[in-house]
Amino acid sequence: MIGLISATAAGAAARDRLAAAWPGRARVYEGPVGEAVRAAFAECEQVVCFLATGAVVRLLAPLLGDKTADPGVVCVDEGGRFAVSLVGGHGGGANELAREVGELLGAEPVVTTATDSVGLAGLDTLGLPYEGSVATVSRALLDGEPVALETELAWPLPPLPAAPRGAYTIRLTDRDVEPGEREVLLRPPSLVVGVGASRGAPVEEVLGLVEAALREAGLSHRSVAELATVDAKAEEPGLVAAAGRLGVPLVTYSAEELAAVEVPNPSHAPLAAVGTPSVAEAAALLRGGELLVPKRKSAMATCAVVRRPGRGRLAVVGLGPGARDLLTPRAAAELRRASVLVGLDQYVDQIRDLLRPGTRVLESGLGAEEERARTAVAEARRGHAVALIGSGDAGVYAMASPALAEASEDIDVVGVPGVTAALAAGAILGAPLGHDHVSISLSDLHTPWEVIERRVRAAAEADIVVTFYNPRSRGRDWQLPKALGILAEHREPTTPVGVVRNASRPDESSRVTTLAALDPATVDMMTVVTVGNTATRTIAGRMVTPRGYRWQEDHR
């Protein structure tokens, strides 16, 4: 819950805007400000105060305890110009809250956390449990000291400017070890504990068995991702309570699923009781991994421990048509999250300033699309967080198709949409895509011309607005005249045609002409050509294709 506190009418107006934007997520605190701050600090995970920072500091000072437990506090000035992350920037999420408040209110987010200020990923913001000297190692990173990154298992971390070796260390491990004086341990959720239990098994026995298994194997309980068991035990109180105390979910599988898993220690007892020869080992192994602790038993419970490899992450990111303000916030976030960036060199140059220090960039030139796709998938399979970039929308004549043709179920894939060239050009021209429309690439480098021509004819006969990508190059100068000729068989010479070059970029140019007047020689590969249908009109110099609403027909 986010507590909202204000002292003046102006603050209350902005406060109420946030409350309306966060239904069920925010709570307005009325009454004397001091009492409101104290109550919100005690009851909420985050607090937004529409007060002077000095006043908030004085009110918060006696309430502060530990930065890992205190709520995140954001302070917004009376004019609504700034949203200041005041307390709990990382642990309390105040940095992200300041950005969110700024976006909702049109305020400038102010974040002074050292790592955020220079674009570094905070070691306490990676979503992993951590131990050790976070402040010391973070300061070393900020000062440019060599910090070694030791990953004992592959995991999709964000970029960290690490060195092969150094006096400071970031270690990713699920082993039960103590951090050194200049070391931070990151605990990945890599361990799955399979559990079985007789009816009425006490939680203390289940927890004791699990903790002993982890301890004797030298594994950290902070890396346990889940307890896993059979469906029949989904409501077993001892198992439910054990998962709750460990702070992990209790995941269940059907007896049929578990019976299909090959295990080293099957037994007749669970087969008779719940229909599978193994519960603990099978539940731990069902989604793959390495069996670290074979089945072990207590009087009323069993457990087994498996290490699952980290799944690599491939984000296929559309950068939009080129203008920075048409790059979506989600795309920018994925670029900051990726430790490996793969892309065409000229696209990498567009967004290089958005990358965090430590990002490994794998760039190549035109014609290497399949190589980039294979490289991105291979890096994800090694357990990295990868961003594969393309212009416009990465799924439209771009990198998503070849990448997903290479990818399999062993990695996580995220698609990040982008503004396409057709949409950017359409917005410049007016509303040419107001009704049914189709995009067709005229490049026959990979698609036979016979196929392209058949598609152009189908669009022409169906009276669909057509946007041509890759319309003409030095080596392909006849395809566009041929395509326009096919359309001219079904459309009047006066049919509006929009031509946009370098949409949204500094040297953008556009014009509206007609099917008869368009000179294909004025078109190149940086151009998008949109040909209207028989209903498209030029109105005040803009292309407009009517949507065809019935009420429009009734009022002509």
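None of these values were measured; they are calculated from a predicted model. (Residues numbered from 1 in each chain as written. Predicted model: local features only at pLDDT ≥ 70, side-chain atom pairs only at ≥ 80, totals over all residues. Heavy atoms only, no water.)

(A) Examining helix 6 (residues 134-142) more closely. All buried positions along helix 6 are accounted for by Val134, Val137, Ser138, Ala140 and Leu141. For helix 6, the buried positions fall inside an angular range of 155° around the axis, keeping them on one side. One or two positions beyond helix 6, positive phi appears at Gly144, with a value near 80°. (Buried < 20%, exposed > 50% of the residue type's maximum accessible area, 1.4 Å probe, protein only. Helix = DSSP H or I, 4+ residues; strand = E, 2+ residues; numbered from the N terminus. Arc of directions from axis to C-beta.)

(B) The sheet that holds strand 26 (residues 527-531), seen in detail. Taken in spatial order, the 5 strands line up as 22-23-26-24-25 in an open sheet, and their pairing is mixed. The outermost strands of the open sheet, each flanked by one partner alone, are strand 22 (437-441) and strand 25 (509-514). Strand-to-strand, the axes of this sheet are offset by a mean angle of 20°, without reference to chain direction. Where strand 24 (residues 496-501) and strand 25 come together, 6 bridges link them in antiparallel fashion. Note on strand 25: the bridge partner recorded for Arg501 is Ser509. Here helix 16 (residues 421-429) sits on the sheet and contacts strand 22, strand 23 (465-469), strand 24, strand 25 and strand 26; the angle it forms with strand 24, its principal contact strand, is near 115°. (Pairing = 2+ DSSP bridges. Axes fitted to C-alpha atoms, helices over the stretch in contact; angles between N-to-C directions. Contact = heavy atoms within 4.5 Å.)

(C) Quick peek at unusual backbone geometry. Even without being glycine, Asp463 reaches a positive phi, approximately 60°. With respect to the secondary-structure elements, Asp463 resides in the loop between helix 17 (449-462) and strand 23. A positive phi angle, near 55°, is found at Asn502, a position not held by glycine. Note on placement: Asn502 falls in the loop between strand 24 and strand 25.

(D) Focus on the environment of Pro471. Position of Pro471 among the secondary structure elements: in the loop between strand 23 and helix 18 (479-488). Linking Pro471 and Val48, residues 423 residues apart in sequence, is a C-alpha distance of 53 Å.

(E) Main features of the nonpolar core. Membership of the largest hydrophobic core comes to 23 residues, with the highest contact counts inside it found for Val193, Val195, Leu214, Leu227, Cys303 and Val305. Secondary structure elements with two or more residues in this core: strand 11 (191-197), helix 7 (203-216), strand 12 (224-230), helix 8 (237-246) and strand 15 (301-307). Residues contacting Val193, with those up to four places away along its chain left out, are Val210, Val224, Glu226, Leu227, Ala228, Cys303, Ala304 and Val305. Leu442, Trp449, Ile486 and Val531 belong to the second largest nonpolar core, which has 21 residues in total. (Core = buried A, V, L, I, M, F, W, Y, C linked by side-chain atoms within 4.5 Å.)

(F) Quick peek at the packing of helix 17 against helix 18. Where helix 17 contacts helix 18, the axes come no closer than 9 Å and their chain directions differ by 30°. In this view, helix 17 runs roughly parallel relative to helix 18, as classed from their interaxial angle. As for the relative orientation of helix 17 and helix 18, their crossing is right-handed in sense. Residues Trp449, Glu453, Val456, Arg457 and Ala460 of helix 17 touch helix 18, and the partners they reach there are Gln479, Lys482, Ala483, Ile486 and Leu487. (Parallel < 35°, antiparallel > 145°, perpendicular 65-115°, else oblique. Left-handed = near helix turned anticlockwise from the far one by under 90°.)

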